[in-house]
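As a plain string of letters, each chain reads:
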Amino acid sequence: MGKRSYISGIAALTLAIAPSAVAAPESIGANITYPGESNYSERVTLGLNKSMIVELDKPAADVVITNPEIADAVVQTAKRIIFRGVNFGQTNAFVFDRAGNQILNLEIGVEMDMASLEQLVARHVPDARVRIEGVNGSVVLTGTADSLSASNAVERLVSAYVRAGDETQVINMINISAKDQVMLEVRIVEMQRNAVKQLGINLTGSPGFGDLSRLVERQLFTDNGSGTVVDSGTTTLAPGLPYSLNADIGSSLSFPVQGQSLGGFGGTIGYQNYVGSDLQSSIGAEINALERVGIVRTLAEPNIVAMSGESAKFLAGGEFPVPVGQDNNGRITVEFKPYGVGLGFTPVVLSEGRISLKVSTEVSELTSEGAFQGTSSTTTDADGNVYTVEGATLPALSVRRAESTIELPSGGSMMMAGLIQTRSRQTLDQVPGLKKLPILGALFQSRDFIQSETELVVIVTPYLVDPTSKNQLRTPADGFANSSDAKTIFFGKLNEQYGKNGAKVDAESYRAPVGFIEE
């Protein structure tokens, strides 16, 4: 019996040593346990400033915590250990028995306790399907919300709960299930009405005074017998006109408001007094009675698509140069400034039925009123170099601008109206003193009157849109074809009749202003 046990022991020892002998070149004779990879590993999340109780099956003799600043442990009994979260972060803890064997390996993550926070969010935003996680002191929000307003409500609740600041950040990664592309349909209509009235009277005269006679040199004319008076080639002294003093008087009243006469009705009337063939005196009057009424209509209907939260801009007009600098050689540097019909908007999709819009519209045009006229000048610098600064004429801009933030449903419209401007200017040019004469005083004055009215209306309509296939899109050039030479020569056609997919057009199916085009 003893011999058989001895042999069995040798055999067992041989089997135990053999694998070690074979693996000796690759083994270092140590057993390494990585965090969380032992048979006794557990991963737990511990709330900050909160504790958990661990009940052991075996008595513990030693507890090792890698980083006591993250978590600490209190051994209440040999089989009961209380762990407490001290600070945000990760650490691990090892529990050994009296023989030095490992009986527990805890991978501890200390984060904020989200249980009460999830209950708070579920109570106030019940439709939000979100998950709240803590990562090194920060809060990460994931999941899906029906609208941007629901996502913002969850973020505000979490920020208020954790008192988000420099140390605690709330990272919002919630997906919005609502559509986030907005097409804005805008209709901009502006009407300008102008009325100009001008009534001017200008008087002229050249009266003569005195009856003194004097000798003047006169050319002699003779009759050649055929009834034709010809120059005889001789001169003689003869009495002149019976006055010795004359003068010119008159009034010149302009139209300073308009800047010039418009044209229209105008007339002159005058009287002249001759003595023989010599003009002795004259008097005349020029009358202008003018009126102009005009109207200007501006219409723009841009459509723009933008993502929720992003900005989009539109401009139909042009750009004009503005000098911004000049070197010593007189070369001018310019920048271009835009003008025309402009639109800018930023949509925010709050939900399927609510869209918040920040809209900015502008209608501008070049005008000479308020323009800058620069003059040329010659300048000598400190080195004695002479260079010329060229003058520049810069136009002014007449601008009508409206900015507003509104909230509309998809397909709903709102009008920004009431942008009315009325201006009237009037001047009276008068001759001092004579203007106060009863009845006749109106002959010594001119009236220049201008009245302008401008009204701007903007209608905005947002739509939630999805992209579509390019085969479902049409352009004004689809189906266009140049006409043949024969049709151009004999019928004066520039292009063939065309419509959708090149279909022919008849008079019954033609509808304006959209549809088919025939030139």
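Residues numbered from 1 in each chain as written. Predicted model: local features only at pLDDT ≥ 70, side-chain atom pairs only at ≥ 80, totals over all residues. Heavy atoms only, no water.

**Student:** Can you walk me through the overall build of the protein chain in this structure?
**Tutor:** In terms of helices and strands, the protein chain carries 4 helices and 28 strands. Taken across its 519 residues, the protein chain has 27% of its residues classed as buried. Look at the contacts in the protein chain between residues 6 or more apart in sequence, and 65% of them connect residues 24 or more apart. (Helix = DSSP H or I, 4+ residues; strand = E, 2+ residues; numbered from the N terminus. Buried < 20%, exposed > 50% of the residue type's maximum accessible area, 1.4 Å probe, protein only. Contact = heavy atoms within 4.5 Å.)

**Student:** How do you make sense of the nonpolar core when you look at a structure like this?
**Tutor:** Buried together is how nonpolar side chains tend to be arranged in soluble globular proteins. By size, the foremost hydrophobic cluster in this structure holds 23 residues, and its most contacted members are Ile188, Phe345, Leu357 and Val460. When residues of this core are traced back to their parent elements, those giving at least two are strand S12 (181–206), strand S20 (303–307), strand S22 (332–351), strand S23 (354–373), strand S26 (393–408) and strand S28 (445–464). Here Phe345 is in contact with Val182, Leu184, Ile304, Ala306, Glu310, Ser311, Ala312, Leu357, Lys358 and Val359, once residues within four sequence places are set aside. Core analysis: the next-biggest nonpolar cluster, separate from the first, contains 18 residues, Met112, Met114, Ala153 and Val162 among them. (Core = buried A, V, L, I, M, F, W, Y, C linked by side-chain atoms within 4.5 Å.)

**Student:** Looking at this structure, I do not really get helix H3 (residues 148–162). What am I missing?
**Tutor:** Owing to its 3.6 residues per turn, the α-helix aligns residues three or four sequence positions apart on the same side. Here H3 contains 15 residues, and its C-alpha end-to-end distance of 21 Å stays within 8% of the 21 Å for a straight helix at 1.5 Å per residue. For H3, the full list of buried residues reads Ala150, Ser151, Ala153, Val154, Val158 and Val162. With its buried residues spanning 160° around the axis, H3 presents them on a single face. Opposite its buried face, H3 presents the exposed residues Arg156 and Ala160, each directed more than 90 degrees away. Check the buried side of H3 and you find it contacts helix H2 (115–124), strand S8 (129–135), strand S9 (138–145), strand S10 (170–172) and strand S11 (175–176). Arg163 sits one or two residues past H3 and shows a positive phi near 55°. (Expected span 1.5 Å × (residues − 1). Arc of directions from axis to C-beta.)

**Student:** How should I be thinking about the pattern of salt bridges in this particular structure?
**Tutor:** Opposite charge on two side chains makes pairing possible when the charged atoms of those side chains draw close. One pass over the full model with this rule turns up 9 salt bridges. For Arg131, the salt bridge is made with Glu133, and the minimal N-O distance between the two is 3.8 Å. One salt bridge connects Arg400 with Glu190, and the closest N-O pair in it is separated by 2.4 Å. In this pair, Arg400 sits in strand S26 while Glu190 sits in strand S12, placing the two residues 210 residues apart along the sequence. (Salt bridge = Lys/Arg side-chain N within 4 Å of Asp/Glu carboxyl O.)

**Student:** Is there a simple way to think about the layout of surface pockets in this case?
**Tutor:** Empty space left among the atoms is revealed by rolling a probe the size of a water molecule over them. In this structure, the largest pocket spans a volume of roughly 790 Å³. Along its surface, the largest pocket is lined by 24 residues, and Asn194, Glu369, Arg423, Arg425 and Ser452 are the ones closest to its centre. Contributing elements (two or more residues each) for the lining of the largest pocket: S12, strand S19 (278–300), S23, S26, strand S27 (414–430) and S28. Here the lining of the largest pocket takes 5 residues from S23, the largest share from any one element. (1 Å grid on protein atoms, 1.4 Å probe; cavity = no way out; pocket = protein on both sides within 12 Å on 5 of 7 lines; lining within 4 Å. Points joined across faces, edges and corners; volume = space filled by probe spheres on them.)

**Student:** Before we go on, may I ask you to explain the sheet that holds strand S6 (residues 89–96) in this structure?
**Tutor:** By way of backbone hydrogen bonds, the strands of a sheet pair with one another, either parallel or antiparallel. Strand order in this open sheet of 4 strands is S1-S7-S6-S3, and the pairing throughout is mixed. Edge positions in the sheet fall to strand S1 (41–47) and strand S3 (62–65), since each has one partner strand and no second. Neighbour-to-neighbour, the strand axes of the sheet open up by a mean angle of 20°, direction not taken into account. Of the strand pairs in this sheet, S6 and strand S7 (residues 102–111) are connected by 8 bridges, and their pairing is antiparallel. Bridging from a neighbouring strand, Thr91 pairs with Ile108 of S7. (Pairing = 2+ DSSP bridges. Axes fitted to C-alpha atoms, helices over the stretch in contact; angles between N-to-C directions.)

**Student:** Help me out: how do you make sense of the environment of Val95 in this one?
**Tutor:** The residue Val95 is located in strand S6 in this model. As for Val95 and Ala61, which are separated by 34 residues in sequence, their C-alpha atoms are 7.6 Å apart. Ignoring sequence-local partners within four residues, the contact set of Val95 consists of Leu56, Ala60, Asp62, Val63, Ile81, Asn101, Gln102, Ile103 and Leu104.

**Student:** Just to check I follow, could you spell out a nonpolar patch on the surface for this structure?
**Tutor:** On the surface, Leu434, Leu437, Ile439, Leu440 and Leu443 cluster together into a nonpolar patch covering about 460 Å² of accessible area. In this structure, Leu437 sits in the loop between S27 and S28. The exposure class assigned to Leu437 is partly exposed, which follows from its relative accessible area of 37%. (Patch = residues over 30% accessible without salt bridge, like charges linked within 9 Å, V, L, I, M, F, W, Y side chains within 5 Å. Areas by Shrake-Rupley, 256 points an atom, 1.4 Å probe, with all protein chains shown as cover.)

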